[in-house]
Amino acid sequence: MHSRSPQYDVLIVGAGIAGCSLAHALSTLPRANPLRIALLERSLAEPDRIVGELLQPGGVNALRQLGLEVCLEGIDAIPVRGYCVVDDGKSVHIPYPRMHEGRSFHHGRFIMALRAAARRARAVDIIEATVTNLIEDDLKEGIIGVHATRNGEKEMWLAKLVVIADGCFSNFRTVVMGDNGAKSTTKSHFVGAILEDAVLPIPNHGTVALCKGFGPVLLYQISQHDTRMLVDVKTPLPSDLKAHILTNIVPQLPSSLHLPISVALDKDRIRRMPNSFLPPVPQGARKGVVLIGDAWNMRHPLTGGGMTVAFNDVVMLRTLLSPIEDLGNWREVKRAIHTWHWSRKPLSSTINILSVALYDLFGADDEELAVLRTGCFKYFECGGECVDGPVSLLSGISPSPALLAYHFFSVALYSIWVMFTHPQLVQTASKNGGQPKYSAVPLSQYPALVFKALRVFWTACVVFGPLLWTEIRWWVPTSSTFKADLVFLRTIMPVISTLGLAILIYRQGFSF
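Asker: How should the overall build of the protein be read in this particular structure?
Answerer: Looking only at helices and strands, the protein features 14 helices and 19 strands. Across the 512 residues that make up the protein, the buried fraction comes to 55%. In the protein, the proportion of contacts linking residues at least 24 apart, taken out of those at least 6 apart, comes to 75%. Accessible surface, the protein as shown: approximately 22000 Å² in total, 57% of it carbon and sulfur.

Asker: Which parts of the structure should I look at to understand the nonpolar core?
Answerer: Note on soluble globular proteins: their nonpolar side chains tend to be buried together. Grouped together as the largest cluster of nonpolar side chains are 144 residues, with contacts concentrated most on F110, I164 and F311. Considering each element in turn, this core owes the most residues, 12 residues, to helix 12 (residues 401-421). Ignoring anything within four residues of it in the chain, the contact list for F311 reads I17, S21, L55, G59, A62, L63, L66, F110 and L114. Counting 21 residues, the second largest nonpolar core, distinct from the first, contains L200, I245, V250 and L265.

Asker: How should the sheet that holds strand 12 (residues 185-196) be read in this particular structure?
Answerer: By definition, the strands of a sheet pair up through backbone hydrogen bonds, in either a parallel or an antiparallel sense. Spatially, the seven strands line up as an open sheet ordered 6-5-13-14-15-12-16, and their pairing is mixed. Each edge of the open sheet is held by one strand with a lone partner, namely strand 6 (90-95) and strand 16 (271-277). Each strand of the sheet is rotated relative to its neighbour by a mean of 20°, with strand direction disregarded. Packed onto the sheet, helix 5 (residues 241-249) meets strand 12, strand 14 (217-221), strand 15 (226-234) and strand 16 and runs at close to 95° relative to strand 15. Set on the sheet, helix 11 (residues 385-394) makes contact with strand 5 (82-87) and strand 6; between it and strand 6 the angle comes to about 65°.

Asker: So what exactly am I meant to see when it comes to the sheet that holds strand 7 (residues 102-104) here?
Answerer: Spatial ordering of the open sheet is given by 3-7-4, a layout of three strands whose pairing is antiparallel. At either margin of the open sheet sits one strand with a lone partner, and together these are strand 3 (54-55) and strand 4 (78-80). Of the strand pairs in this sheet, strand 4 and strand 7 are connected by three bridges, and their pairing is antiparallel. Residue V80 lies in a different strand from strand 7, and its bridge partner there is G102.

Asker: Looking at this structure, how should I read the pairing of strand 12?
Answerer: It is a general feature of regular strands that their side chains alternate between the two faces of the sheet. As defined by bridge partners, strand 12 adjoins strand 16 across seven bridges and the pair is classed as antiparallel. By the bridge assignment, S188 is partnered in strand 16 with N275.

Asker: What's the story with the side chain of Q56 in this structure? I'm lost.
Answerer: Mapped onto the fold, Q56 is located in the loop between strand 3 and helix 2 (57-65). On the basis of relative accessibility, which here comes to 0%, the residue Q56 falls in the buried class.

Asker: Which parts of the structure should I look at to understand the packing of aromatic side chains?
Answerer: Two measures describe an aromatic ring pair: the distance that separates the ring centres and the angle between the ring planes. A full pass over the atoms with the stated rule returns 10 aromatic pairs. Seen in terms of ring centroids, Y83 and Y96 are 6.3 Å apart; in terms of plane orientation they differ by 90°. Their pairing is edge-to-face. On the criterion of sequence distance, the pair formed by Y83 in strand 5 and Y96 in the loop between strand 6 and strand 7 is long-range, its members being 13 residues apart. On the basis of relative accessibility, which here comes to 5%, the residue Y83 falls in the buried class. Ring geometry for F409 versus F457: centroids 5.7 Å apart, planes at 40°, classification tilted. Of this pair, F409 sits in helix 12 while F457 sits in helix 13 (residues 446-472); the two residues are 48 residues apart in sequence, bridging distant segments of the chain.

Asker: Got a minute to help me understand the packing of helix 9 (residues 345-362) against helix 12 in this structure?
Answerer: Packed helices, taken two at a time, are described by the angle their axes make and the gap between the axes. At a minimum axis separation of 9 Å, helix 9 and helix 12 run at an interaxial angle of 20°. The orientation of helix 9 with respect to helix 12, classified from their angle, is roughly parallel. Between helix 9 and helix 12, the contacting residues are K345, P346, S349, T350, I353, L354, A357 and L361 on the first element and P401, L404, F408 and V411 on the second. Class assignment of the residues belonging to the contact of helix 9 with helix 12 gives a composition of nine nonpolar, two polar and one charged.

Asker: What is the right way to read the pairing of strand 10 (residues 143-150) from this model?
Answerer: Sheet topology places strand 9 (residues 130-136) next to strand 10; six bridges connect them, and they run antiparallel. Directly across from L134, in strand 10, lies its bridge partner V146. Linking strand 9 back to strand 10 in an antiparallel pair, the connection comprises six residues, with K140 at a positive phi of about 60°.

Asker: So what exactly am I meant to see when it comes to the environment of Y220 here?
Answerer: Note on placement: Y220 falls in strand 14. Ignoring any residue separated from it by four or fewer positions in sequence, one finds Y220 in contact with I50, E53, L54, S104, L200, G206, T227, R228 and L230.

Asker: Is there a simple way to explain unusual backbone geometry in this structure?
Answerer: Peptide bonds are mostly trans, and most non-glycine residues show a negative phi. Look at the link from T235 to P236: it is a cis peptide, with omega at -5°. Examined against the element boundaries, P236 turns out to sit in the loop between strand 15 and helix 5. Positioned with a positive phi, D76 is a non-glycine residue whose angle comes to about 60°. Locating D76 in the fold gives a position in the loop between helix 2 and strand 4. Its relative accessible area of 34% is what places D76 among the partly exposed residues.

Asker: Would you take a moment to explain helix 12 for this structure?
Answerer: Since there are 3.6 residues in each turn of an α-helix, residues three or four apart along the chain are aligned in direction. The first and last C-alpha atoms of helix 12 sit 30 Å apart over 21 residues, in line with the 30 Å expected at 1.5 Å per residue. The buried fraction of helix 12 is high, at 16 of 21 residues.

Asker: Quick question: what am I supposed to make of the packing of helix 2 against helix 7 (residues 306-321) here?
Answerer: Packing of helix 2 against helix 7 leaves a shortest axis separation of 8 Å and a crossing angle of 35°. For the element pair helix 2 and helix 7, the recorded crossing hand is left-handed. The segment helix 2 lies against helix 7, with G58, G59, A62, L63 and Q65 engaging T308, F311, N312, V315 and R318.

Asker: In this structure, what is going on with the environment of P6? I would like to understand it.
Answerer: By secondary structure assignment, the location of P6 is in strand 1 (residues 3-13). Classification of P6 as partly exposed rests on a relative accessible area of 43%. The spatial distance from the C-alpha of P6 to the C-alpha of A38 is 9.8 Å, given a sequence separation of 32 residues. Contact partners of P6, with chain neighbours within four places excluded, come to R36 and L158.

Asker: What exactly am I supposed to notice about helix 8 (residues 330-343) here?
Answerer: The terminal C-alpha atoms of helix 8, which comprises 14 residues, lie 19 Å apart, in line with the 20 Å expected from a rise of 1.5 Å per residue. Three or more residues of helix 8 are buried, namely W330, V333, A336, I337, W340 and H341. On an axial view of helix 8, the arc spanned by its buried residues comes to 140°, and they lie on one face. Residues of helix 8 that are buried make contact with strand 11 (153-164), strand 17 (289-291), helix 7 and helix 9.

So, how was this worked out
Residues numbered from 1 in each chain as written. Predicted model: local features only at pLDDT ≥ 70, side-chain atom pairs only at ≥ 80, totals over all residues. Heavy atoms only, no water. Helix = DSSP H or I, 4+ residues; strand = E, 2+ residues; numbered from the N terminus. Buried < 20%, exposed > 50% of the residue type's maximum accessible area, 1.4 Å probe, protein only. Contact = heavy atoms within 4.5 Å. Areas by Shrake-Rupley, 256 points an atom, 1.4 Å probe, with all protein chains shown as cover. Core = buried A, V, L, I, M, F, W, Y, C linked by side-chain atoms within 4.5 Å. Pairing = 2+ DSSP bridges. Axes fitted to C-alpha atoms, helices over the stretch in contact; angles between N-to-C directions. Phe/Tyr/Trp six-rings, centres within 6.5 Å; stacked < 30°, edge-to-face > 60°. Parallel < 35°, antiparallel > 145°, perpendicular 65-115°, else oblique. Nonpolar A, V, L, I, M, F, W, Y, C, P; charged D, E, K, R; others polar. Expected span 1.5 Å × (residues − 1). Left-handed = near helix turned anticlockwise from the far one by under 90°. Arc of directions from axis to C-beta.

Function cannot be inferred from these measures alone, as they are strictly geometric.
Structure (structure tokens):
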């Protein structure tokens, strides 16, 4: 038997980043009768995760628009003013432009602050219950509520609109999307630990360390004494993660971090999270339900863009749902969801594409990607717009897929320029007494380098093209359209290359 709850206007499954902020946002809509909102969460205890701890400036701005900036107070959050990228003993400073700041913090503390804000909101009920399944209407066309277990009792919760915000391990993604859903892919895992009183190369900056032969390492301070370390480990995972980190990764990091890392690995268990990519696909085929947050769209966490996308999604949804008097009117809600899908593209597409493209470069696992990684680092060393542009994209300050394409192909061409004109690394610092050894490229290698340059540029197109396609595709991919998608991808890549070259000629005239 199921006991039946009151009817709600909105029922949100998952009291995480997206769920809490959406509940609070909808409660602030100017309506004669406030929306009745139920926020269901399996456990209201403080969560303990190794990701979701760095909020970019674009996310801070969105949080401010939602009236939730207070959630960053009282949790020992650390101001973040940019990045430092480290590669074989060299480093480059990448500050956020125009005095923008992000925040880093313990994930659990931030979630508890968001839940407290949602609890204080008007007409929001936060309920600790485990949702077991979605309830279909009599015609099996839509969702009208959920079944959940609370205190051992099965209950029925009904609502005009059900929002699924249960995160990257969503139990209901497939139920909502059916055959229309995209499949998530996982290339690697982040292995996490907390370092005590570690000294980073630049205070109040995230550190990205590039490791030859392995994925990047991300470090940032999350409280006064704690620094999060995330080591990217590609699949399949090694059997002994601790030995892998100590043997292959630590020697390539700044020496000031060696002891804190060793102590942390001895003190705490090593934890990991999959780095998954899930492109967004149009919603609305299933009446009465919508996915939001990582349940619907994921990107690589290297760039720390997930929460920024989620908060900006909530800002847009609040605006689009505001004029709809009855959220049970699916025609109007579906129209709002369609508008949201495309309105979010400038920001979400920029961050989604950049996260995976940058990871492919920083985690280079072939010769061509290694050239692009070197060129990317040297592009940052140029300073000026070569830093301001990319970090404005990464931070969510200036979302623009066109600007992203411009800088990505600028990096590709600059990488080729570097390959011909810059001295090449012969011996790394770790193998040459702390000083890397370089040698000029002899002219006899130029013919071979021409062919290599073509492969490098083609690799850049192969990285960027499919990612762009997942964002601009206006239909839902199915097994019947997969081959057509593949053919189309192969035809647009040369076009992308030509456009990239044309933009660069127009904007810079090859004046590297």
